[in-house]
Amino acid sequence: MILPRFDVLVPNSVDEAFAMLSRYAEKGIRILAGGTDLLVDLRRPIIPAAIPSCEGCARHKSGSIRSTVDCGWWESDSSRESDRALLTKVQDSIHKYPEYIISLHKLKELRGIAVNEKVNLRVGAMTTITDIERSGIIREKWTALAEGADSLGSPLVRNRGTIGGNIANARPAADTFIPSVALGGVLDIHSEKGSRKVPVDSFASAPGETVMEKGEMITGIEYPAPPEFSGSAYYKLANRKALEICNVGVAVWIALEKPGGPVTDIRVALGAVGPTPILAESVKEVLVGKKPEDANIKKAAKAAREDATPIDDHRGSAWYRSMMVELVTDRMIRLAVERVGGKV
Amino acid sequence: MVREDLGLTGSKKGCGIGDCGACTMLVNGVATFSCMMLAIQADGCVVETVESLAENGKLNKLQQSFVDLGAIQCGYCTPGMLMTATELLRRNPHPSEKEIRLALSGNLCRCTGYQKIVDAIKAVAGE
Ligand SMILES: Cc1cc2nc3c(=O)[nH]c(=O)nc-3n(C[C@H](O)[C@H](O)[C@H](O)COP(=O)(O)OP(=O)(O)OC[C@H]3O[C@@H](n4cnc5c(N)ncnc54)[C@H](O)[C@@H]3O)c2cc1C
Ligand code: FES
Ligand code: FES
């Protein structure tokens, strides 16, 4: 395996991990969980956090350059002082890897699935995707999360990959991130200085970028207890059944007054149709207080489509994705309603 | 480390980024792509490679079944396939065809078209 040079730190307790994270924060330190994202990124010459954002140019909006291959604009006009300064900054960082990697594999306390007396679910950051997939209680009560786990990568990826890594990596198509938004997940983020709680829906700010600060680490995620007559569903629309990143991913959580009765609350999360997973707020306005009937569900799915901001890329066009958001949202709302015991 | 320092060249390196499964080993009994694991992460774990499967110098049942049913062409994917199948059969001695295919979905084979590999595993699973 050809990897850049770095030192690996192996803490034996979470407190030791927090201390290491703050001690080496300025030198460049990255957390290693399952490594299924990080070790791939390290092998490429660039790791996103080390790249400075650009100020924008004629071809790109500000902050859009993630690597030197993204934009060759300086070749055409390298006379501008600010351009040259940016070029140096970008080039300097090409081979800038973290000096330290902190591997969490010994921290058993970060791995596990627990349900407390209030029936809230807590999943430790180092819990593998396979653990989630095989958990009966998650499949029964937080179904969308189990379905997200089912669809992630391949069995080998699921055996290594963790939910903490999937969420921290902050990709718009991350298969446990999207359901976690719909299910109202809240992250426990700790550092040497203390701890805070961040709802999953406000955690990511851009692809690969989050509200996490230097020295911080996710220790777990908590999901609220599902009320009576609530249900959820996740569907990943992709070209293949395994080893695939989604074109569009939709997770729906819905609560009804009674089976077939009016909607009391709904959360729809959309993946791969924006820079981060999106909570489609306008669906709430359309559906809350209404019966989950054909016409209302169709309106809600249209509202979700309005909230999506897809782009064209090699996996699909913005036009296709936009249509699919509507279709998949429609189906997932129906499925979630059926799971509560209603018929649509 | 496993191939060059320990000389166990059974496990293959294919993609190096978790896509192909050619490098699969069992770590504490769990099928793991070794290309995405640092040696230090295996500290204190039981690691099984394809070399551990043969019993008393003879191919075990699963390996023999791969040979008998023609589940090997170039053989590059075979060590990984065998390790993934070994984990599956330990966890679930009588898997259905669907379960076999699902378990193998992270192991790529460019030669056999998978059917014979599935057949070989089924034969051992007593279906
Ligand atoms: C072949 C292949 C297929 C894949 N398919 C999919 C797929 O279909 N869907 C999908 O969503 N993903 C997919 N992935 C991506 C990846 O497997 C998942 O995102 C996985 O859950 C990442 O978890 P990890 O533990 O391996 O993370 P790591 O690679 O260890 O870490 C990922 C990032 O999160 C940070 N991090 C990890 N843990 C913490 C923590 N506790 N606190 C703070 N930061 C942390 C790391 O520093 C790093 O930046 C695939 C990857 C591969 C190699
Ligand atoms: S070499 Fe391809 S998965 Fe490890
Ligand atoms: S036999 Fe050649 S790759 Fe499988």
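(A) Up close: the packing of helix α1 (residues 61-68) of chain B against helix α4 (residues 115-124) of chain B. All names here are of chain B. Relative to each other, α1 and α4 sit at 135°, their axes nearing to 9 Å. By the angle class used here, α1 and α4 are oblique. Handedness of the crossing formed by α1 with α4: right-handed. Counting all contacts with α1, which are made through Lys61, Leu62, Ser65 and Phe66, the residues of α4 involved are Ile117, Ala120, Ile121, Ala123 and Val124. Partitioned by chemical class, the residues of the contact of α1 with α4 number seven nonpolar, one polar and one charged.

(B) Representation of the pattern of salt bridges in the model. Applying the stated criterion across every chain yields a total of 21 salt bridges over all chains. Ionic pairing is found between Lys214 of chain A and Glu26 of chain A, a salt bridge with its closest N-O pair at 3.6 Å. With a gap of 188 residues between them, Lys214 of chain A in the loop between β9 (209-210) and β10 (217-223) and Glu26 of chain A in the loop between α1 (14-23) and β2 (29-32) connect regions that are remote in the sequence. The two residues Lys214 of chain A and Glu26 of chain A agree in class, both being exposed. When the shortest N-O distance is used, the salt bridge between Arg101 of chain B and Glu97 of chain B registers 3.0 Å. Of this pair, Arg101 of chain B and Glu97 of chain B both sit in helix α3 (residues 97-103), four residues apart, which is roughly one turn of that helix. Since its relative accessible area comes to 27%, Glu97 of chain B is described here as partly exposed. Each of Asp294, Lys298, Asp330 and Arg334 of chain A takes part in salt bridges that share partners, so that together they form one network.

(C) Examining the domain arrangement of chain A more closely. All names here are of chain A. Once the domains are mapped, chain A shows domain 1 (7-103) and domain 2 (111-340). Across the boundary between the two partners, domain 1 contributes 16 residues, which contact 17 residues of domain 2. Summing both sides of the interface, domain 1 and domain 2 together bury roughly 1300 Å²; the carbon and sulfur share of this comes to 60%. For the pair domain 1 and domain 2, the interface holds two residue pairs in polar contact (both at pLDDT 80 or more). In terms of residues, the side of domain 1 that touches domain 2 owes the most to one element, α1, which gives six residues. By residue class, the composition of the side of domain 1 that touches domain 2 is nine nonpolar, three polar and four charged.

(D) The packing of α1 of chain B against helix α2 (residues 78-91) of chain B, seen in detail. Residue and element names in this part refer to chain B. Where α1 contacts α2, the two axes come as close as 10 Å, and the packing angle between them is 130°. By the criterion of interaxial angle, the relationship of α1 to α2 is oblique. Once α1 is placed against α2, the crossing between them reads as right-handed. Every residue of α2 that contacts α1 at Leu62, Gln63 and Phe66 is listed here: Thr78, Met81, Leu82, Ala85, Thr86 and Leu89. When its residues are assigned to classes, the contact of α1 with α2 shows six nonpolar, three polar and no charged.

Calculation rules
- Counting restarts for each chain, with residues numbered from 1 along the sequence as it is written.
- Each chain takes a letter, starting from A, and each ligand takes a number, starting from 1, following the order in which they are written.
- Local features in a predicted model are, by the rule used here, given only for residues with pLDDT of at least 70; side-chain atom pairs are given and counted only at 80 or more, and totals for whole chains, interfaces and linings are based on all residues.
- Side-chain numbers here rest on the full set of heavy atoms in the structure, without hydrogens or water.
- Axes here mean lines fitted to C-alpha atoms, for a helix over just the part in contact, with angles spanning 0 to 180 degrees between N-to-C directions.
- In this text, helices come from DSSP runs of H or I with a minimum length of four residues, and strands from runs of E with a minimum of two, each type numbered from the N-terminal end.
- Working rule for angles: under 35 degrees goes down as roughly parallel, over 145 as roughly antiparallel, 65 to 115 as roughly perpendicular, anything else as oblique.
- Here a crossing is called left-handed whenever its near helix is offset anticlockwise from the far helix by less than a right angle, and right-handed whenever the offset is clockwise.
- Contacts were defined at the residue level, with two residues in contact if any of their heavy atoms lie within 4.5 Å.
- Gly falls in the polar group here, along with every residue not listed as nonpolar (Ala, Val, Leu, Ile, Met, Phe, Trp, Tyr, Cys, Pro) or charged (Asp, Glu, Lys, Arg).
- Think of a salt bridge as a Lys or Arg side-chain nitrogen and an Asp or Glu carboxyl oxygen that are within 4 Å of each other.
- For every residue, the accessible area obtained with a 1.4 Å probe (protein chains only) is divided by the maximum for its type, and the residue is called buried under 20%, exposed over 50%, and partly exposed between those limits.
- Throughout the structure description, domain borders are defined by an automatic or database domain assignment.
- Once two parts are brought into contact, the accessible area they lose, counted with a 1.4 Å probe and summed over both, makes up the buried area.
- Pairing of N or O atoms within 3.5 Å defines a polar contact, subject to two protein rules: one partner must be a possible hydrogen donor and the other a possible acceptor, and residues neighboring in sequence count only if both atoms are side-chain atoms.

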